[in-house]
Amino acid sequence: MERAMNEQEITSYLHENNIQKIKFAFADMDGVLRGKVIHPKKFTDGLQSGYGFCDVVFGWDSSDKLYDKVDVTGWHTGYPDRPCRVDLSTFRTIPWQDNMPFFLADFSSADGNDLPVCPRSLLKRVAAQCEQMGYHPEFAQEFEWFNFNETPQTLLDKGFDNIQPLTPGMFGYSILRTSQNSDFFNDLFDLLGKFNIPLEGLHTETGPGVYEGAILHSPIIEAADRAVLFKTAVKEIAYKHGIVASFMAKWNADLPGCGGHIHQSLWSPGQAKNLFFDETDPDKMSELHKQYLAGQLYCLPYLLPMYAPNINSYKRLVEGAWAPTTLTWAVENRTTAFRVLNSSPGYTRLETRIPGADVNPYLAMAAALASGLYGIKNKLKLKIPRTAGNGYEDKKNGSIAPNLYDATMAMKDSPVAKSLFGEAFVEHFTQTRLWECKQFAKAVTDWELKRYFEII
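Residues numbered from 1 in each chain as written. Predicted model: local features only at pLDDT ≥ 70, side-chain atom pairs only at ≥ 80, totals over all residues. Heavy atoms only, no water.

**Q** Please set out helix α10 (residues 361-377) residue by residue, giving values where relevant.
**A** Given a rise of 1.5 Å per residue, 17 residues ought to cover 24 Å, and the 24 Å separating the end C-alpha atoms of α10 matches this to within 8%. Of all 17 residues that make up α10, 16 are buried, and the element is covered over most of its length. The N-terminus of α10 is capped by Asn360, whose side-chain oxygen sits 3.1 Å from the backbone nitrogen of Tyr362. After α10 finishes, the residue Lys379 shows a positive phi value of roughly 50°. (Helix = DSSP H or I, 4+ residues; strand = E, 2+ residues; numbered from the N terminus. Expected span 1.5 Å × (residues − 1). Buried < 20%, exposed > 50% of the residue type's maximum accessible area, 1.4 Å probe, protein only. Polar contact = N/O pair within 3.5 Å; in protein donor to acceptor, adjacent residues only side chain to side chain.)

**Q** So what's going on with a nonpolar patch on the surface? Residues and values would help.
**A** Where nonpolar side chains cluster on the molecular surface, the patch consists of Trp447, Tyr452, Ile455 and Ile456 and spans about 530 Å² of accessible area. Looking at the element boundaries, Ile456 is found in the segment after α14 (446-452). (Patch = residues over 30% accessible without salt bridge, like charges linked within 9 Å, V, L, I, M, F, W, Y side chains within 5 Å. Areas by Shrake-Rupley, 256 points an atom, 1.4 Å probe, with all protein chains shown as cover. Salt bridge = Lys/Arg side-chain N within 4 Å of Asp/Glu carboxyl O.)

**Q** Account for the packing of helix α6 (residues 182-194) against helix α7 (residues 220-240), naming residues and giving values.
**A** Across the interface, α6 lies against α7 with an axial gap of 10 Å and an inter-helix angle of 140°. Judged by the inter-axis angle, α6 sits oblique to α7. Note that α6 runs across α7; the crossing there is right-handed. Along the contact surface, α6 presents Phe184, Asp187, Leu188, Leu191 and Leu192, while α7 presents Phe230, Ala233, Val234, Ile237 and Ala238. (Axes fitted to C-alpha atoms, helices over the stretch in contact; angles between N-to-C directions. Parallel < 35°, antiparallel > 145°, perpendicular 65-115°, else oblique. Left-handed = near helix turned anticlockwise from the far one by under 90°. Contact = heavy atoms within 4.5 Å.)

**Q** Tell me about the pairing of strand β2 (residues 33-38), and please be specific about residues and values.
**A** Two elements, strand β1 (residues 22-27) and β2, share six bridges in a ladder whose sense is antiparallel. Bridge pairing in β2 places Phe24 opposite Lys36. The turn linking β1 back onto β2 is made up of five residues, and Gly31 within it adopts a positive phi angle of 80°. (Pairing = 2+ DSSP bridges.)

**Q** Which residues make up the packing of helix α3 (residues 119-132) against α7, and what values go with them?
**A** At a minimum axis separation of 10 Å, α3 and α7 run at an interaxial angle of 155°. The orientation of α3 relative to α7 falls into the category roughly antiparallel. The element α3 and its partner α7 pack so that their crossing is right-handed. Along the contact surface, α3 presents Arg120, Leu123, Lys124 and Ala127, while α7 presents Ile220, Ile221, Ala224 and Asp225. Broken down by class, the residue content of the contact of α3 with α7 amounts to five nonpolar, no polar and three charged. (Nonpolar A, V, L, I, M, F, W, Y, C, P; charged D, E, K, R; others polar.)

**Q** With reference to specific residues and values, describe the nonpolar core.
**A** Most often, soluble globular proteins keep nonpolar side chains buried together rather than apart. Core analysis: the biggest nonpolar cluster contains 133 residues, and Phe43, Phe230, Leu266, Met306, Phe421 and Phe425 have the highest contact counts within it. Looking at this core, the element that brings in the most residues is α10, giving twelve residues. (Core = buried A, V, L, I, M, F, W, Y, C linked by side-chain atoms within 4.5 Å.)

**Q** A description of the layout of surface pockets should follow, citing residues and the corresponding values.
**A** In this structure, the largest pocket encloses a volume near 2400 Å³. It is α7 that contributes the most residues to the lining of the largest pocket, six residues altogether. Classifying every residue of the lining of the largest pocket by side-chain character gives 22 nonpolar, twelve polar and 14 charged. (1 Å grid on protein atoms, 1.4 Å probe; cavity = no way out; pocket = protein on both sides within 12 Å on 5 of 7 lines; lining within 4 Å. Points joined across faces, edges and corners; volume = space filled by probe spheres on them.)

**Q** Explain the packing of aromatic side chains residue by residue, including any values.
**A** Ring pairs (aromatic) are described by centroid distance and by the angle formed between their planes. Per the stated rule, a full pass over the model turns up 30 aromatic pairs. With a centroid separation of 5.5 Å and an interplanar angle of 10°, the aromatic rings of Phe143 and Phe230 are classed as stacked. Taken together, the residues Phe143 in strand β7 (residues 136-148) and Phe230 in helix α7 connect sequence positions 87 residues apart. A relative accessible area of 0% means that Phe143 is categorised as buried. Taken together through their ring pairs, the aromatic side chains of Phe143, Trp145, Phe184, Phe185, Tyr211, Phe230 and Phe247 make up a single cluster. Over the aromatic face of Phe195 sits the side chain of Arg92, whose NZ or CZ is 5.4 Å from the ring centroid. (Phe/Tyr/Trp six-rings, centres within 6.5 Å; stacked < 30°, edge-to-face > 60°. Lys NZ or Arg CZ within 6 Å of the ring centre and 35° of its normal.)

**Q** Could you give an account of the environment of Gly372, naming the residues involved and the relevant values?
**A** For Gly372, the location among the structural elements is in helix α10. Gly372 sits 74 residues away from Tyr298 along the chain, and the two C-alpha atoms are 9.3 Å apart. Excluding anything up to four places from it in sequence, Gly372 contacts Gln291, Tyr292 and Gln296.

**Q** Go over helix α13 (residues 423-442) with me, naming the residues and quoting the values.
**A** For an α-helix the count is 3.6 residues per turn, leaving residues at separations of three or four pointing the same way. Its 20 residues place the ends of α13 29 Å apart at the C-alpha level, agreeing with the 28 Å of an ideal helix rising 1.5 Å per residue. Within the sequence span of α13, burial applies to Phe425, Val426, His428, Phe429, Thr430, Gln431, Thr432, Arg433, Leu434, Trp435, Glu436 and Cys437. Lining the buried residues of α13 we find α3, α8 (287-307), α10, α11 (404-412) and α12 (415-421).

**Q** Account for empty space enclosed by the protein, naming residues and giving values.
**A** With the rule as written, the count across this model stands at one cavity of 30 Å³ or more. Approximately 40 Å³ is the volume attributed to the largest cavity. Around the largest cavity sit Thr167, Pro168, Gly169, Phe171, Arg177, Thr204, Gly207, Gly209, Val210 and Tyr211, which together line it. Looking at the lining of the largest cavity residue by residue, the classes come out as four nonpolar, five polar and one charged.

**Q** Describe in detail the pairing of β1, supporting the description with residues and values.
**A** Of all six residues in β1, six are buried; the element is thus mostly enclosed. Residue alternation in β1 divides its side chains into two sets, Ile22, Phe24 and Phe26 and Lys23, Ala25 and Ala27, and both sets are buried. Where β1 lies against strand β6 (residues 100-106), three bridges are found, and the strand directions are parallel. Looking at the pairing, Lys23 lines up with Phe102 of β6.

**Q** Give me the lowdown on the pattern of salt bridges, citing residues and values where you can.
**A** For the structure shown, the criterion picks out 23 salt bridges. Glu351 is the partner of Arg339 in a salt bridge, and the nearest nitrogen-oxygen pair spans 2.8 Å. Here Glu351 lies in strand β15 (residues 349-352) and Arg339 lies in strand β14 (residues 338-341), a separation of twelve residues in the sequence. Each member of the pair, Arg339 as well as Glu351, is classed as buried. Two residues, Arg353 and Glu351, come together in a salt bridge whose shortest N-O distance is 3.3 Å. Here Arg353 matches Glu351 in class, with each residue buried. Here the salt bridges share partners, and the residues they tie into one network are Asp87, Asp106, Arg120, Lys124 and Asp225.

Take a look at the structure:
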């Protein structure tokens, strides 16, 4: 991995290349990137103190509608500016935008503290706890998403009806379908690599116009940065090809949903040894690995909205749809909530399969790591036995909440969630999820019109 440029080197780069504009962005509560393009002088002037950014970005939803019951900001505060600080280590250039310099930012000081509801800041605090315990967290995320022969305007004009996928048919792992759209497919792989989002693999999944991309593993903050940027980068590259990319968890009831699985392992400082691997164990799992997994199993019911944050997330979490529904784990089993991969010391890891592609990677990775560390700190025993066979049928240890409201109420009242992330974050985040529930409750859906309009 290349060494990150320091402040002096970046300043010299901007001057030597006559850079006239710089883009920076941060992720809001839904993982949506919000940002600005600024002048180089504005950039250098704010490197220490930050840049004032209206905190309404944490006071509205993904459609820019204001939340009604949050304390961190609102009409009662006047929606002031907060200091948003760029992370110089995230410097990269955007190859599909004339190599414009780009930085990720957050609302935190160096130690991760400042604005308790900032997702990236939250992950920085959890990662710091992990390092203090003597572990290096190595993470990676993979995404499935659907591509459509549409534009934002055509989708709006047709009311999101009769949407046309990029290609027809169920063509999982198809060489034909990627060759059919080779310019787009190759641009994804090549441009993402140049944007410092190296892909381990890219292929079609089963479904019309659906792709899957797996990002190479890296330290957890960088892994989350890559995952957040991946979603926006794919959408922007798709636009250039007249394509709309969607990361909805489940866009069509008759098709598989889109996963956002998280792979993780803990290593010794310097990454000399994978601490999840034990050659002498039947499942090649160290005691640390088992404690980590036990923590995730225990905490999952109280942190589920951080993995499944939207109304639509739960349409994916149904039986027989390649997404988990039960509190289960197994080795190399894609029907369970947690899948252990143990093929070799270097690649032994845990895959958390609950998240969909609609997830905020900062929050999902924070939930995974914090709950795993909870298991280690409390030396939890892996009491839930390994599932043999179909995980959908293994319901003896409980099931995943079936909707966002039930999941959010379990988190809102959870001492575990508050101990892991603080009361301020839990209160704000759960209020934003209850807001999503309220918005859906008011909506009149297609299903209701077709079912009731004439006959009832």
